[in-house]
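Analysis of the macromolecular model
Spelled out, the chains give:
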Amino acid sequence: MKVTVVGAGAVGASCAEYIAIKNFASEVVIVDIKENFAEGKAMDLMQTASLNDFDTKIIGATNDYSKSAGSDVAVITSGIPRKPGMTREELIGINAGIVKQVSENLIKHSPNVIIIVVSNPMDTMTYLAHKATGLPKNKIIGMGGALDSGRFKYRLAEALEAPLSDIDGMVIGGHSDTGMIPLTRYATRNSIPVTQFLSDEKLEEVAQATMVGGATLTKMLGTSAWYAPGAAVSAMVQAIATDSKKIFPCSAYLEGEYGQSDICIGVPCVLGANGIEKIVDIELNEAESTKFAASADAVRKTNGLLEI
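The residue numbering used here restarts from 1 in each chain and proceeds along that chain's sequence as written. Side-chain atom pairs in this predicted model are given and counted only at pLDDT of 80 or more, local residue features only at pLDDT of at least 70, and totals for whole chains, interfaces and linings cover all residues. Excluding hydrogens and water, the side-chain figures rest on all heavy atoms present in the structure.

Per an unreviewed UniProt entry, the recorded name for the protein is Malate dehydrogenase, and the organism is Wenyingzhuangia marina. UniProt positions are given in the numbering used here, feature names are shortened, and annotations may be inferred rather than shown by experiment. Note on the protein: under the UniProt heading Catalytic activity (unreviewed entry), the record states "(S)-malate + NAD(+) = oxaloacetate + NADH + H(+)".

**Here's the deal with the pattern of salt bridges**
Salt bridge, as applied in this entry: a Lys or Arg side-chain nitrogen positioned within 4 Å of an Asp or Glu carboxyl oxygen. A full pass over the atoms with the stated rule returns 9 salt bridges. Close ionic contact of Lys 131 with Asp 262 constitutes a salt bridge, the shortest N to O distance being 3.1 Å. With Lys 131 in helix H5 (residues 122–133) and Asp 262 in strand S13 (residues 261–272), the pair connects residues that are 131 residues apart, well separated along the chain. Measuring nitrogen to oxygen at the nearest pair gives 3.3 Å for the salt bridge that ties Glu 205 to Lys 202. Within this pair, Glu 205 and its partner Lys 202 are both found in helix H7 (residues 200–211), separated by 3 residues, close to a single helical turn. Among the residues examined, Lys 202 registers a relative accessible area of 33% and is labelled partly exposed. Each member of the salt-bridge network shares a partner with another, and the members are Lys 137, Glu 255 and Glu 257. Comment: elements are numbered from the N terminus, with helices defined as DSSP H or I runs of at least four residues and strands as E runs of at least two. Burial classes follow relative accessibility: with a 1.4 Å probe on protein chains only, a residue under 20% of its type's maximum area counts as buried, one over 50% as exposed, and anything between as partly exposed.

**Here's the deal with the UniProt feature "binding site: substrate" (unreviewed entry) in the protein**
UniProt marks Arg 82, Arg 88, Asn 120 and Arg 151 with the feature "binding site: substrate" (unreviewed entry), using the numbering shown here. With respect to the helices, strands and loops of the structure, Asn 120 is situated in the loop between strand S5 (114–117) and H5. On the basis of relative accessible area, Asn 120 is assigned to the buried category, the value being 15%. Counting through the fold element by element, Arg 151 comes out in helix H6 (residues 144–160).

Dropping the structure here:
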């Protein structure tokens, strides 16, 4: 299993670190445009191998995609991160050009690669990668839902004063501060619906805190978060590498599912060796369906800014 991570910034480096520590990949290649930056990150990470007990080989490359040749999975984290007060949508102008070029370079050297898109605005960048590469829909996946669900479970555990290992929950819809749909109705604590423990008012507080989770951290840190995004990507890569058939909510290209077509947006997906093995159709009530349609409309509006 060979994995390429494009972008050696905080998210990319965290992703590479988590993949290496989990020890399921034989090689991780980090690519960045900044001279010697990826090589330095790779060397620093390799010097932890004996301390963290992993055998994954990590190498860095400055804008040299030939080093990525034969990759099974590639992760695109490159682009400018958010600054305080910025929306994900405001990044589209610069990041669209980067994601398109990176996608084409990856396909050139690894025609069978499965691509996971992290760059924001994530749903639109995933859609762009589909249009730019022409890869089958199962081979391009947007990361957002996995991260948003991790933040949702954190907020639920906080509200319940419960261990996170007890909590299960999922966020669908667009990866934006207004487009996310935390499915409180489906969330559980050790198989018991959280609606039995928390009031509607408290659940709405949890949902709102989840939706602005990225903006909250950007305001605190001065830039985008990286630990949780890196962990979310590594979990998705691991599911593909090990063919685990685990369900993640992630941005997938829809062709009629959930009443939507020609759009990438967050829905539950089974991930395995072929990338998206199946889009899982869960029953949404009227309120959830209305929110999902509104979220899709917002994603389409952002997609309309692309020059494809």
